[in-house]
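# Observations on the three-dimensional arrangement
Each chain, written out:
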Amino acid sequence: MNRVLVVGSINMDLVNHVDEFPLPGETIHGRGVDYLPGGKGANQAVAAARAGGDVRMVGAVGDDTFGQQLLASLRNSGVGTESVAVKQGTSGLAFITVSGSGENQIILSAGSNGRLTPEDVPAERLASADWVLLQNEIPWAVNRHVLEQCRGLGAKVMYNPAPARPIEADAYPLIDVIVVNETEAETLTGIEVGNREDAEAAARELLRRGVRCVIVTLGAKGSLCLGGEGESFFTPAFSVTPVDTTAAGDTFIGAFAAACANGTPSSEALRFASAAAALAVGRKGAQSSIPERGDIVRLLEADAAAN
Ligand code: ADP
């Protein structure tokens, strides 16, 4: 089995439930609080581990009480945390308030994620990885360092530019696989993406900039994969009643990376990832909604039997 290394963010989501949002200066009683481990890096690591990958994480938690809980939560999902740094100060936190009508207000505090440096990425971890996953919730200098190091080492890099922001032109040729949703595709390419044709145009633009393979995810419409050698696959989404789409993309990416690392051909790995993401969409929560490998395989088998 090949190794997946996620270099990215680790957060605790503090979710406060209220009837109505307080006005400035007002004090109100809440309906209760949930502590939910999150962060795109951690979510993708958990998704890859539950999907059957051999997964390790590089990142940072704080020396506050949340830091140890976040590490324990990663380990409980089978993610190796030996290379997660513990930094002085607070962990990455997301203060989320959800109103009775389901609207939310979110304040992000990068905490230790924002204090991650290139020196926190052990060279031997990169050297022993086969696939490295990056997102945009840690300083760009760290991502840039990982992209440059991996080129010399032979590890393949899968980059999910979320939250979306433009990157330097010379970084694109260092990316093996870029995975973007509709918004991220538009931010990077300027092409508005709403359907398969737009996705194809955006993907061609990213290939032109030097990326080796592009995957555009289109929510319930499925996903498109375009490779540099002209290969192209469209994978429809599995039909589910959406309950909570949080972490759909993270589940898709983690499961896809785990399948690729285990030697599954791309088109099959994309179906595996779509099945994993559909299961996550059918359940409430972020990390709590990410499925195990057995559930993904059962959905694929049920789908094959029905068609
Ligand atoms: P993100 O969560 O990053 O915005 P998407 O919404 O594009 O990403 O979803 C990623 C993948 O999750 C899709 O390509 C699809 O396979 C799956 N997915 C998302 N929404 C649904 C849905 N409503 N029904 C089935 N699958 C879905």
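Refer to the structure above for everything that follows.
Fair warning: this is a prediction, and the values are worked out from it, not measured in the lab. (Residues numbered from 1 in each chain as written. Predicted model: local features only at pLDDT ≥ 70, side-chain atom pairs only at ≥ 80, totals over all residues. Heavy atoms only, no water.)

A few words on the overall build of the protein. Looking only at helices and strands, the protein has nine helices and 13 strands in total. Taken against the 2.2 N^0.38 rule, which gives 19 Å for 307 residues, the C-alpha radius of gyration of the protein at 19 Å falls within 12% of a compact globule. Here the C-alpha coordinates of the protein stretch approximately 60 × 45 × 40 Å along the principal axes. The buried share of the protein, reckoned over its 307 residues, is 51%. Of the contacts formed within the protein by residues at least 6 apart in sequence, a portion of 64% connects residues at least 24 apart. For the protein, the computed accessible surface area is about 13600 Å², with 50% contributed by carbon and sulfur atoms. Taking the 24 positively charged and 36 negatively charged side chains of the protein as two groups, their mean positions are separated by 5 Å. (Helix = DSSP H or I, 4+ residues; strand = E, 2+ residues; numbered from the N terminus. Rg over C-alpha atoms; globule rule 2.2 N^0.38 Å. Buried < 20%, exposed > 50% of the residue type's maximum accessible area, 1.4 Å probe, protein only. Contact = heavy atoms within 4.5 Å. Areas by Shrake-Rupley, 256 points an atom, 1.4 Å probe, with all protein chains shown as cover. Lys, Arg positive; Asp, Glu negative; His and termini not counted. Charge placed at Lys NZ, Arg CZ, Asp CG, Glu CD.)

On to the pairing of strand β4 (residues 54-62), then. Of all nine residues making up β4, eight are buried, and the element is well covered by its neighbours. Direction of pairing for β4 relative to strand β5 (residues 84-87): parallel, over a ladder of four bridges. From the neighbouring strand, A60 faces β5, where its bridge partner is A85. In this view, the connection linking β4 to its parallel neighbour β5 by way of helix α2 (residues 65-76) has right-handed handedness. (Pairing = 2+ DSSP bridges. Right-handed = clockwise from strand over helix to strand, strands pointing away.)

On to empty space enclosed by the protein. This model, assessed by the stated rule, comprises one cavity of 30 Å³ or more. In this structure, the largest cavity spans a volume of roughly 40 Å³. Considering the residues around the largest cavity, the lining is formed by R3, V4, L5, R56, R125, S128 and A129. With three residues, strand β1 (residues 3-7) is the single largest residue contributor to the lining of the largest cavity. (1 Å grid on protein atoms, 1.4 Å probe; cavity = no way out; pocket = protein on both sides within 12 Å on 5 of 7 lines; lining within 4 Å. Points joined across faces, edges and corners; volume = space filled by probe spheres on them.)

The quantities given are spatial measurements derived from coordinates; they are silent on function.
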